[in-house]
Amino acid sequence: MAQWLTPDDPDLIFLWPDVPPNEQVAATYLAAAKDACLDYAPALPEGVTEIPDGWRLAQAMQARNIYNAAHASPGGEFDGGGYGITAHPLDWQVQQLLRPRRAMGAIL
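The rules behind the values
- For every chain, the first residue of the written sequence is number 1, and numbering continues from 1 along that sequence.
- A pLDDT threshold of at least 70 governs which residues receive local features in this predicted model, and a stricter bar of 80 or more applies before side-chain atom pairs are shown or counted, although totals over entire chains, interfaces and linings include all residues.
- To obtain the side-chain values, all non-hydrogen atoms of the structure were used and water was disregarded.
- When two rings of Phe, Tyr or Trp (its six-membered ring) have centres within 6.5 Å they constitute a pair, described as stacked for plane angles under 30 degrees, edge-to-face for angles over 60, and tilted for the intermediate range.
- A run of DSSP states H or I qualifies as a helix once it reaches four residues; a run of E qualifies as a strand once it reaches two. Both are numbered from the N-terminal end.
- Each residue is assigned to one of three classes by its accessible area relative to the maximum for its type, calculated with a 1.4 Å probe on protein chains only: buried under 20%, partly exposed between the two thresholds, exposed over 50%.
- Salt bridge, as applied in this entry: a Lys or Arg side-chain nitrogen positioned within 4 Å of an Asp or Glu carboxyl oxygen.

**Remarks on the packing of aromatic side chains**
Inspection of every chain in the model, using the stated rule, returns 3 aromatic pairs. Residues Tyr29 and Tyr67 carry aromatic rings whose centres are separated by 5.2 Å and whose planes lie at 80° to one another, so their mutual orientation is edge-to-face. Separated by 38 residues along the polypeptide, Tyr29 in helix H2 (residues 23-40) and Tyr67 in helix H3 (residues 53-70) bring together distant segments of the chain. The class for Tyr29 is buried, based on a relative accessible area of 16%. Put simply, the rings of Trp16, Tyr29 and Tyr67 touch in pairs and so form one group of aromatic residues.

Pasting the structure below:
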């Protein structure tokens, strides 16, 4: 049964390859990411206790985003040379995993 990620979860290294080696640090980022995901995700149907795989991936992605944001320069760069990437908390990929947009349209 799939549950939220923890530092001792064997899947964590595959979902977040650069996970901090300090278990307490990893646990802090995973807990913060879980809270953010729970705040955004819809409620699970009654009686469902298994966390969807996409939500676990969203948690890992969000934890990585929070970690990267904490280690970026004030301008959002990681390399200091002006060519880095900017980290965005709860970016659209994480949101899409938690609340997928359904294609709705009409055939004309």
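**Some points on the pattern of salt bridges**
All chains considered together, the criterion is met by 2 salt bridges. For Asp9, the salt bridge identified is with Arg56, shortest N-O distance 3.2 Å. Within this pair, whereas Asp9 is found in the segment before helix H1 (12-15), its partner Arg56 is found in helix H3, the two being separated by 47 residues in sequence. Measuring nitrogen to oxygen at the nearest pair gives 2.9 Å for the salt bridge that ties Asp11 to Arg56. With Asp11 in the segment before H1 and Arg56 in helix H3, the pair connects residues that are 45 residues apart, well separated along the chain. Of the residues examined, Arg56 reaches a relative accessible area of 7% and is grouped as buried.

Just geometry here; none of it tells us what the structure is for.
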